[in-house]
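# Topology and contacts: notes
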Amino acid sequence: MRADAMNIPGPFLSRYSSLPLALHSRGGKRHLYVHSMHQKYGPLVLIAPGHISCSHPDAINVVYAQGEHALPKSDFYKAFVIDGTPNLFNTQNRLEHTKRRKALAHPLSYKSVKEMEEWIANNMLKECEPKPSTTQIFTHPHTNGVPVGAETPGRASGGEGNCTNMHAWFNCFTFDVISDLAFGQSLGMLDRGTDVLPDSSRGNGQDTGVAAMIGLRGRAAAFLGLFPPLVAFGKTGLLIRWLLLHFWPDPLIRKGLSSSDMLSDIATTCVRKRMSSTNNDSETIRDDLLHRLLTELRKSEQLVDDSKEPLDEKVVVTEAMLLLTAGSDTTADSAAAILWYILAQPAVHQRLVAELDENIGIVSHDLAAADELPKHDQVSHPFRTVATKQSRYLMLFFHQVKSLPYLTATIQEALRMFATNAFGLPRVVSDSSKPVTLMGTNIPPGTELSVPAYTIQRDRDIWGEDAYEFKAERWLQDAESSESVGVKKADPKYLLTFGAGPRMCIGKNLATLQLHLLISTILLRYKLELYDPHKDLEAIEGFMNKPVEVLVKISQR
Ligand code: HEM
């Protein structure tokens, strides 16, 4: 019996077609549609033919099970495969996944990420470098080259304070960091104040920002992934893709497909540049992510490390592009949402700044004293001092902020309220899967299953009656303080923002380090205020739910 022939409730049309889900996906609000279906039909809903969405907390351990019970990713992920070469993220093959995961696990381990903190710090300095002045204009990632600052009424009318789209700023930062870590060369977005790449490094890209390309690609893939025959491989696949690229009536899909090609070109350019510099000067090989990835891939392909046998370039490019796409805007989107949640609640903002001032001890108006601090002295002073061309900046270490309780609780709570992957990530019960039972119902092979993060992360049974409200206190270790503000203590096993099970995010260490440093540094250094405190955080969803913009009035503290 097929899943849709079982007594799983859901919209009548969804029994026969993926169209209702696809239309909501095209509208950029799939997670809200799925959420409303759960509110109407209960914890098991048929959202497309043969696809059951499950919002019961117990479903997490079934759908994202570990070990022999693990379910493979569904055909939806084929829409993300480039040139027929799957990568760690989109492979459906279990053995291939284990091999690729092993290759990236070491380069992205906590130890490895900590070793690269210095490079992240250098980019952080640039993040802090631009003065919040009217000359600082960042390209709006969703308007392809239109400078957002110029459009901001407060600035245009000469109103009080300067307004910056922090989301665009964070995008530049995370792209610079990941390109620096992955390719040994930052894409220089912070320097240029835009995520549009200069000619030499953008492959065939035109004047589209990289963040916009990733967004468009995600929107096209999230739509096409619902119609697997449209994302076939081989010669037929190529023909279908060509037809879609040229004749599909919806320009968003066409732009998404061409963005995917441009991203692949960018990754190829970066990999070739990096590989040729390595070949030219073997003395100065930089021990970055690409180097570590190449070493691990050679091992997993059983190539002798010092042999001249080349790795398949397609494999390297597809993994490098994965790092560039998965490791950049997810972090920028999350940082933008976290900052919005902080600034939307002045009491949270004040408490965070107080915690940072108390524990770090210096605010930025003490910058003048920086000259007197011992350089790079981690022990005698919590800041490191770094000289740049123009002036000196103070830099935080992760170890100083990673355990600050309120900061950590705030980040966790914002990630609960805003999961970048908000709709359920689909898995499939394959013919070789162990039998699957959900809430007493046997699920037949061929059924797709997903657990929607947005719905789980707002479930009142899990989080308490205030599940729809931002309350960082629920994450505080101190049960007493939690009880005193009447919140139910949070259980991290229900936080799906980084996914769950064997396909859980492998970049979590890097993301956590960046988020802590980014948020604490910005709060310590700047006075920040939402440009429009009455406006909600607007987001649009493709594969990822992305804030549209976070406009902030900003000045030195
Ligand atoms: C706040 C930032 C981030 C969030 C919220 C996030 C979220 C996620 C989620 C939900 C998944 C599971 C996807 C699925 O099951 O389809 C995932 C997978 C993945 N993420 Fe992240 N991610 C973040 C940052 C990063 C970074 C910085 C990197 C790498 C440098 C990265 C690399 C990956 C990779 C390679 C996978 C695929 C893992 C696999 O299939 O085994 N992510 N991420």
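About the criteria used
The residue numbers shown here count from 1 along each chain, following its written sequence. Whole-chain, interface and lining totals are the exception, using all residues; otherwise, since this is a predicted model, local features are given only for residues with pLDDT of at least 70 and side-chain atom pairs are given and counted only at 80 or more. Calculation of side-chain values draws on the structure's entire complement of heavy atoms; hydrogens and water are dropped beforehand. A run of DSSP states H or I qualifies as a helix once it reaches four residues; a run of E qualifies as a strand once it reaches two. Both are numbered from the N-terminal end. Throughout, exposure labels follow a simple rule: accessible area from a 1.4 Å probe, protein chains only, divided by the maximum for the residue type, with under 20% read as buried, over 50% as exposed, and the rest as partly exposed. Pairing between strands is defined by DSSP: at least two bridges between the two strands are required. All axes are obtained by fitting lines to C-alpha atoms, using only the stretch in contact for helices, and the reported angles, taken between N-to-C directions, cover 0 to 180 degrees. Angle categories: roughly parallel below 35 degrees, roughly antiparallel above 145, roughly perpendicular from 65 to 115, and oblique for all the rest. Note on definitions: a residue-residue contact is assigned when non-hydrogen atoms from the two residues lie within 4.5 Å. Ten residues, namely Ala, Val, Leu, Ile, Met, Phe, Trp, Tyr, Cys and Pro, are considered nonpolar, four, namely Asp, Glu, Lys and Arg, are considered charged, and the remaining ones, Gly among them, are considered polar. Proximity is defined per residue: if any heavy atom of the residue lies within 4 Å of a molecule or strand, that residue is considered near it. Here a polar contact is taken to be a pair of N or O atoms separated by no more than 3.5 Å, where protein atoms must pair a possible hydrogen donor with a possible acceptor and residues adjacent in sequence count only if both atoms sit in side chains. Cavities and pockets are defined on a 1 Å grid built over the protein atoms alone: a cavity is a set of grid points where a 1.4 Å probe fits but cannot escape, while a pocket is an open set with protein on both sides within 12 Å along at least five of seven lines, and lining residues are those with an atom within 4 Å of any such point. Cavities and pockets are treated as containing a molecule whenever more than half of the molecule's atoms lie within 2 Å of their grid points. In this analysis a donor is any N, O or S atom within 2.8 Å of a metal ion (3.2 Å for sodium, potassium and calcium), and since water is not included, sites may seem incomplete. Grid points are joined across faces, edges and corners, and a volume is the space filled by probe spheres set on the points. Think of it this way: a Phe, Tyr or Trp ring, Trp meaning its six-membered ring, pairs with another when their centres are within 6.5 Å, and the plane angle makes it stacked under 30 degrees, edge-to-face over 60, tilted otherwise. We count a charge as sitting over a ring when the NZ of a lysine or the CZ of an arginine lies within 6 Å of the ring centre and within 35 degrees of the ring normal. UniProt positions are given in the numbering used here, feature names are shortened, and annotations may be inferred rather than shown by experiment. Remark: nonpolar core denotes a set of buried residues (Ala, Val, Leu, Ile, Met, Phe, Trp, Tyr, Cys) joined through side-chain atoms within 4.5 Å.

Now for unusual backbone geometry. In this structure, methionine 439 is a non-glycine residue whose phi angle is positive, near 45°. Along the chain, methionine 439 turns up in the loop between strand S7 (436-438) and strand S8 (441-443). Note on methionine 439: relative accessible area 43%, which makes it partly exposed.

As paired strands, strand S3 (residues 163-165) and strand S13 (residues 551-556) are joined by three bridges and run antiparallel to one another. Paired with cysteine 163 across the two strands is lysine 553, which belongs to S13. The pairing of strand S10 (residues 526-530) with S13 spans five bridges and is antiparallel. Across the sheet, residue tyrosine 526 finds its bridge partner in S13, namely glutamine 556.

All right, on to the packing of helix H17 (residues 346-360) against helix H23 (residues 508-525) then. Where H17 meets H23, the closest approach of the two axes is 10 Å, and the angle between their N-to-C directions is 90°. Classified by the angle their axes make, H17 and H23 are roughly perpendicular. In this structure, H17 uses His349, Leu352, Val353, Leu356, Asp357 and Ile360 to contact H23, whose residues at the interface are Ser520, Leu523 and Leu524. For the contact of H17 with H23, the residue count by class is six nonpolar, two polar and one charged.

Taken together, 29 residues surround the ligand, and among them Tyr77, His97, Arg101, Arg427 and Cys505 come closest. In this structure, an oxygen atom belonging to the ligand sits 3.4 Å away from a main-chain N or O atom of leucine 88. Residue arginine 101 places a side-chain N or O atom 2.6 Å away from an oxygen atom belonging to the ligand. Counting atoms within 2 Å of the grid points, the majority share of the ligand lands in the largest cavity. Split by residue class, the shell around the ligand holds 15 nonpolar, 10 polar and four charged.

Attention now moves to the packing of helix H1 (residues 19-26) against helix H11 (residues 210-224). Two numbers describe how H1 lies on H11: the axes approach to 9 Å, and their chain directions differ by 175°. Classed by the angle they form, the pair H1 and H11 counts as roughly antiparallel. Each of Ala22, Ser25 and Arg26 in H1 lies in contact with H11, whose residues at this interface are Arg219, Ala222 and Phe223. Grouping the amino acids of the contact of H1 with H11 by side-chain chemistry returns three nonpolar, one polar and two charged.

What follows deals with the coordination of the iron atom of the ligand. Looking at the protein side alone, the iron atom of the ligand has one donor only, Cys505 (SG), at 2.3 Å. Along the polypeptide, cysteine 505 turns up in the loop between helix H22 (479-484) and H23.

The next thing to look at is the sheet that holds strand S2 (residues 51-54). On the basis of which strands lie adjacent, the open sheet formed by four strands has the order S1-S2-S9-S6 and mixed pairing. Because the sheet does not close on itself, it has two edges, and the strands there are strand S1 (44-48) and strand S6 (427-428). One ladder, built from two bridges, connects S6 with strand S9 (residues 448-450); its direction is antiparallel. From the neighbouring strand, valine 428 faces S9, where its bridge partner is glutamate 448. The strands touched by helix H2 (residues 30-41) are S1 and S2; relative to S1, the strand with the most contacts, the crossing angle is about 140°.

Within the structure shown, the criterion is met by five cavities of 30 Å³ or more. There is about 940 Å³ of room inside the largest cavity. Lining of the largest cavity is provided by 50 residues; of these, Phe89, Leu322, Ala326, Thr330 and Cys505 occupy positions nearest its centre. Sorting the residues of the lining of the largest cavity by element identifies helix H4 (94-105), H11, helix H15 (313-326), helix H16 (329-343) and H23 as the ones contributing at least two each. Among the elements that make up the lining of the largest cavity, the one with the highest residue count is H15 (six residues). Residues that form the lining of the largest cavity fall into these classes: 26 nonpolar, 17 polar and seven charged.

Using the criterion set out here, one finds 20 aromatic pairs in the structure. Judged by centre distance (5.8 Å) and plane angle (70°), the ring pair of tryptophan 242 and phenylalanine 247 falls under edge-to-face. Judged by its relative accessible area of 57%, phenylalanine 247 is exposed. Between the aromatic rings of tyrosine 341 and phenylalanine 470, the centroid separation amounts to 5.5 Å while the plane-to-plane angle is 15°, which identifies the pairing as stacked. In this pair, tyrosine 341 sits in helix H16 while phenylalanine 470 sits in the loop between helix H21 (460-463) and H22, placing the two residues 129 residues apart along the sequence. Residue classification places phenylalanine 470 among the buried positions, given a relative accessible area of 11%. Put simply, the rings of Phe76, Tyr77, Phe80, Phe89, Phe423 and Phe543 touch in pairs and so form one group of aromatic residues. The ring of phenylalanine 423 is capped by arginine 30, whose NZ or CZ atom sits 3.9 Å from the centre of that ring.

Residues annotated in UniProt with the feature "binding site: heme" (unreviewed entry) correspond here to Cys505. By relative accessible area, cysteine 505 is classed as partly exposed at 34%. Ignoring any residue separated from it by four or fewer positions in sequence, one finds cysteine 505 in contact with Arg101 and Phe498.

For the rest of this paragraph, the subject is the pairing of S2. Where burial is concerned, the two faces of S2 agree: the one with His51 and Ser53 and the one with Ile52 and Cys54 are both buried. From the end of S1 to the start of S2, which pair antiparallel, there are two residues, and glycine 50 there has a positive phi angle of about 70°. Bridge count between S2 and S9: three bridges; the pairing is parallel. The residue of S9 that forms the bridge with serine 53 is serine 450.

Right, let's get into the nonpolar core. Within the largest apolar cluster, 151 residues are counted, with the highest numbers of intra-cluster contacts made by Phe170, Leu339, Val401, Leu449, Leu523, Leu528 and Val552. Sort the elements by how many residues they give to this core and helix H9 (residues 166-183) lands first, with 11 residues.

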